[in-house]
Amino acid sequence: MTAPSITVELLGIARLLAERDEMVIPYPPEGTAGALVRALASQVPVLVGPVILPDGGALADGFALSLDGRAWTRDPTAALGDAPRALLFSNVAGG
Amino acid sequence: MPGGYFGRFLWIDLTTRRARAVPLAEELLRSVVGGAGLGAALLTRLSKPAVDAFAPDSPLLFVGSPLVGTGLTTTAKYAVVAKSPQTAFIGDSLSSSHLALAIKRAGWDALAITGSAKAPTYVVVDHGDVRFEDASALWGLDPSQVESRLQARLGGGCRIATIGIAGEHGVRYATITNDGRHAGRGGPGSVMGAKRLKALAVRGAQGVPVAHPAELRQAARELAERSRGASTAKYRLLGTAGNLLTFDRLGTLPAFNFRRSTFAGAERISGETLAVSHRTGTSACASCTIGCEQLYKLHSGSVRLEYETLFALGPLVGVDDPDAILAAAALCDTLGLDTISTGGTLAWAMECFERGALSLEETDGLELRFGNSAAVVAALPKIARREGLGELLAQGTRRGAAILGRGSEQWAMHVKGMELPGYEPRSLKTMALGLATSSRGACHNRSGAYEVDFSGDVDRLAADAGRGAFAAASEDYAAVMDSLILCKFVRRCFSDFYSETARLLSLVTGWDVDGDELREVGARITNLKKLYNQREGWTRADDTLPPRILADSLPDGPAAGVGLSRSELDMMIGAYYQARGWSADGRVTDEAARALGIVAADGGHRSAESFVVDIERC
């Protein structure tokens, strides 16, 4: 059974731009990372461009989504499974 | 002489108080380009084998690059290269801004300083003239005071590199400061202090010749435009402090002397929080269109803060008070202390104290417990002056543990004597390999192997032999960036790094360089550094990680239960040596050296260890 919603914790410039720490997104019927990113883009349009590609369905270069903190993906077709939480973060380190 | 170079370096000897110009052959320059590469070549040539880092004969090099002063963004950089007093291997550290431009405009590709002054001295390089001046009145001053006094005394256009009190007192992780920036890792400030050289003042106004000026201007405009785009937004909007909270969430944030990989106070001190609560503005190095420097308010004034400083003076020592971290960062800048090694050494000492290996009497009454920010701030001047407890801590973790004993070697977190940066090796396996094998010790700049882990293309939590080639490629890539020199924050502005940067180098120099040649340059530089280390006594046992990393699994967080065994590390190290074409015990083979055009100084061929820097193109 999947959760009715998924909480996306925003990290880095996503948090700075959105001016909030996390977003609660209704669980997308498609059950994919791309659908989640699309829903996020519609709720937080300021992320479109710097964090989410203009078509709204994929993350911009340098950003990734993690469902468990152990692994992450940039693949829009990746399955969300029953994860209640996700991290949206920059996977570019250094400095 | 090709564009971008003057074909000479200035050799300054403090003992004889003489200076002379030494020509640099075009073949050598093309083989190692500049920066860290040219520095490795010159260090090998100019230093005697097994010289002590603090001996007068030990050279201290300030090395520019062909791209400095050409208008290309992020290229106002230079490398400080010397034998590291921390590792006794090659030490190379980069710094930025106006001093790099001044050295170039004075007409020098590098400055080499040998000897030792009888009394505190500063050297003025004013175009082609060199003067040796009394620095007695400057001894004991902090870098910003020295800079302002010398600029007032010497007039406009002079740029200053100087040391703080830590460099004067021989703290093995002392920095050299210029334009508010620091060449810190490896302790070059203490090499400068051993020479009683308080400061170097450089002025120059020569234009930098380039081979194809019109095309270069166009290329510079295009690169500048890309540098203002999405690929650098993280650095411009948040700075590197933005790493901390993400690293916490991913279980890669070292805390409490690497006993944990998450930190309960991460939110409170995160870059995201500081951007709202403490940020006062941003700034940029000279010739930079990114502007990554984030300035944060102190009780008086402001301080620049990077992730590594935030990690080292925060979670690593258990401190979650942002004001205390900022104050400690500012104090390190004032005293001339490398913040990573300072935090690493304090974390080791805190664990000593909490385990009873250091008594209250031995810490001069400081309750050196994790999280005690007041003790951190109080310890810093003691370290810089080597007073009381500071005499032990000024040695760094490796030497400190060897002196103290009491089992403290087990929690001394260093590689080759250099304290670890803020990347947890157990949950970043490719980085673990990069840290273990890097020529300058535990380093996140000479090996950017963490990029492989963060790409998501590998299982970062698992070790496999495939990491050997990744780590080698990462080192060679960094060697090219550090030799051109380009800021690593511009790296994602290139879609084909080697071919695009080869074109930039060709436009500057007039050489017909392609991407394959630059790849070979990267491998050559990595091998040269390794050969230097071999000459200085490197053995296979030096490529390793601290005992804690190889014994303990991570206790909590998303990487809970993940460890790294010695056999896993050895397997990856073996794969790395194989990828490099080195022997099974990690030595550069004659064949590997020859394939990169590295030959013996006298033109003959003996063994890999005897190779120095006369390099012929095959």
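In this text, all values refer to a predicted model and were calculated from it rather than measured experimentally. (Residues numbered from 1 in each chain as written. Chains lettered and ligands numbered in written order. Predicted model: local features only at pLDDT ≥ 70, side-chain atom pairs only at ≥ 80, totals over all residues. Heavy atoms only, no water.)

A word on the overall build of chain A
- Secondary structure assignment for chain A yields two helices and four strands.
- On C-alpha atoms alone, chain A measures out to a radius of gyration of 12 Å, which is about the 12 Å that the 2.2 N^0.38 rule sets for 95 residues.
- Its C-alpha atoms put chain A at 40 × 25 × 25 Å along the principal axes.
- By sequence separation, contacts in chain A at least 24 residues apart represent 45% of the contacts at least 6 residues apart.
- On chain A, roughly 4000 Å² of surface is accessible, and the fraction owed to carbon and sulfur atoms is 58%.
- A gap of 2 Å separates the mean positions of the 6 positive and 10 negative side-chain charges of chain A. (Helix = DSSP H or I, 4+ residues; strand = E, 2+ residues; numbered from the N terminus. Rg over C-alpha atoms; globule rule 2.2 N^0.38 Å. Contact = heavy atoms within 4.5 Å. Areas by Shrake-Rupley, 256 points an atom, 1.4 Å probe, with all protein chains shown as cover. Lys, Arg positive; Asp, Glu negative; His and termini not counted. Charge placed at Lys NZ, Arg CZ, Asp CG, Glu CD.)

Observations regarding the sheet that holds strand β3 (residues 60-63) of chain B
Residues and elements named next belong to chain B.
- Spatially, β2-β1-β6-β3-β4-β5 is the arrangement adopted by the six strands of the open sheet, whose pairing is mixed. Where the open sheet ends on each side, the last strands, each with one partner, are β2 (18-23) and β5 (90-96). In this sheet, adjacent strand axes meet at a mean angle of 20 degrees when their direction is disregarded.
- Both β3 and strand β6 (residues 110-114) contribute to a ladder of four bridges, which runs antiparallel. For Leu60, the partnering residue across the bridge sits in β6 and is Ile113.
- Sitting on the sheet, helix α3 (residues 98-105) touches β3, β4 (77-83), β5 and β6, and the angle it makes with β4 is about 85 degrees. (Pairing = 2+ DSSP bridges. Axes fitted to C-alpha atoms, helices over the stretch in contact; angles between N-to-C directions.)

Observations regarding the layout of surface pockets
All names here are of chain B.
- A volume near 780 Å³ is recorded for the largest pocket.
- Residue lining of the largest pocket: 30 residues in total, with Glu451, Val452, Tyr477, Arg491 and Arg492 positioned closest to the centre.
- Sorting the residues of the lining of the largest pocket by element identifies α19 (450-455), α20 (467-484) and α21 (497-509) as the ones contributing at least two each.
- Counting residues per element, the lining of the largest pocket draws most heavily on α20, which supplies six residues.
- Class assignment for the residues of the lining of the largest pocket results in 12 nonpolar, eight polar and 10 charged.
- Quantified by volume, the second largest pocket comes out at close to 380 Å³.
- Along its surface, the second largest pocket is lined by 22 residues, and Ser144, Gly180, His182, Ser302 and Asp333 are the ones closest to its centre.
- Secondary-structure elements contributing two or more residues to the lining of the second largest pocket are α4 (143-154), β11 (181-183), β14 (293-297), β15 (302-304) and α13 (322-335).
- Taken together, the residues of the lining of the second largest pocket sort by class into seven nonpolar, eight polar and seven charged.
- Residue-level mapping places the lining of the second largest pocket at the junction of two domains, with at least three residues from each of domain 1 (8-203) and domain 2 (232-419). (1 Å grid on protein atoms, 1.4 Å probe; cavity = no way out; pocket = protein on both sides within 12 Å on 5 of 7 lines; lining within 4 Å. Points joined across faces, edges and corners; volume = space filled by probe spheres on them. Nonpolar A, V, L, I, M, F, W, Y, C, P; charged D, E, K, R; others polar. Domains from an automatic or database assignment.)

Thoughts on the domain arrangement of chain B
Residue and element names in this part refer to chain B.
- Each domain of chain B was delimited in the assignment, giving domain 1 (8-203), domain 2 (232-419) and domain 3 (425-589).
- Its C-alpha centre places domain 1 at a distance of 26 Å from the equivalent point of domain 2.
- Taken together, the 31 residues of domain 1 in the interface contact 32 residues of domain 2.
- Both faces considered, domain 1 and domain 2 share a buried interface measuring about 2600 Å² in area, 52% of it formed by carbon and sulfur atoms.
- Interface area lost by domain 1 to domain 2 is led by Gln86, Tyr173 and Arg185, which between them contribute 29%.
- There are two salt bridges connecting domain 1 and domain 2.
- Glu293 is paired through a salt bridge with Arg181; the nearest N and O atoms lie 2.1 Å apart.
- For the side of domain 1 that touches domain 2, the per-class residue count stands at 11 nonpolar, 16 polar and four charged. (Buried area = accessible area lost by both parts, 1.4 Å probe. Salt bridge = Lys/Arg side-chain N within 4 Å of Asp/Glu carboxyl O.)

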